[in-house]
Amino acid sequence: SGRTSVGKNITLTGGNVIGFNENKLIDDSFKIGDNCVMGANAVVIGSVVLGDNLFIGASACVTKSFFEDNITLVGVPAKQIVFILKIYFCIYYLV
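Here the structure is a predicted model, which means the values were calculated and not measured. (Residues numbered from 1 in each chain as written. Predicted model: local features only at pLDDT ≥ 70, side-chain atom pairs only at ≥ 80, totals over all residues. Heavy atoms only, no water.)

(A) Quick peek at the overall build of the protein. On a plain count of helices and strands, the protein comes out with zero helices and 11 strands. Each helix and strand of the protein, placed in order from N terminus to C terminus, yields the pattern β-β-β-β-β-β-β-β-β-β-β. Among the 95 residues that make up the protein, the fraction classed as buried is 29%. Carbon and sulfur atoms make up 58% of the accessible area of the protein, which amounts to about 6,600 Å² in all. (Helix = DSSP H or I, 4+ residues; strand = E, 2+ residues; numbered from the N terminus. Buried < 20%, exposed > 50% of the residue type's maximum accessible area, 1.4 Å probe, protein only. Areas by Shrake-Rupley, 256 points an atom, 1.4 Å probe, with all protein chains shown as cover.)

Below is the structure:
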């Protein structure tokens, strides 16, 4: 329908489902941003708005909006995960 918006460069990897109930759509609020990747069997269900550069993990089920850009969603129901980079330094002494 004309009440939805899917951004540029969306990648569907197989078994994906994108759906909503048009009668329950509130304020034309079904949007998937640009450069989004949906892992295998990932689904987006309901009246949701998703930001740009989003990665939805395999078999994740997105049922609520995530307005932030550059995030990763995983699980059922989908939740945002945060990567923490730990860097360990090794000092070697030459004797």
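(B) Structural context of the side chain of Asn 16. In this fold, Asn 16 is placed in the loop between β2 (11–12) and β3 (17–19). Here the side chain of Asn 16 touches Thr 13 through a polar contact of 2.9 Å, landing on its backbone nitrogen. At 3.1 Å, the side chain of Asn 16 and the backbone nitrogen of Gly 14 are in polar contact. Excluding residues within four positions of it along the chain, Asn 16 makes contact with Met 38, Gly 39, Ala 40, Asn 41 and Ala 42. (Polar contact = N/O pair within 3.5 Å; in protein donor to acceptor, adjacent residues only side chain to side chain. Contact = heavy atoms within 4.5 Å.)

(C) Up close: the sheet that holds strand β7 (residues 49–50). With parallel pairing, three strands are arranged side by side in an open sheet as β1-β4-β7. Only two strands of the sheet have a single neighbouring strand rather than two, namely β1 (4–6) and β7. Direction of pairing for β1 relative to strand β4 (residues 30–32): parallel, over a ladder of three bridges. Pairing of Thr 4 across the sheet is with Phe 30, part of β4. (Pairing = 2+ DSSP bridges.)

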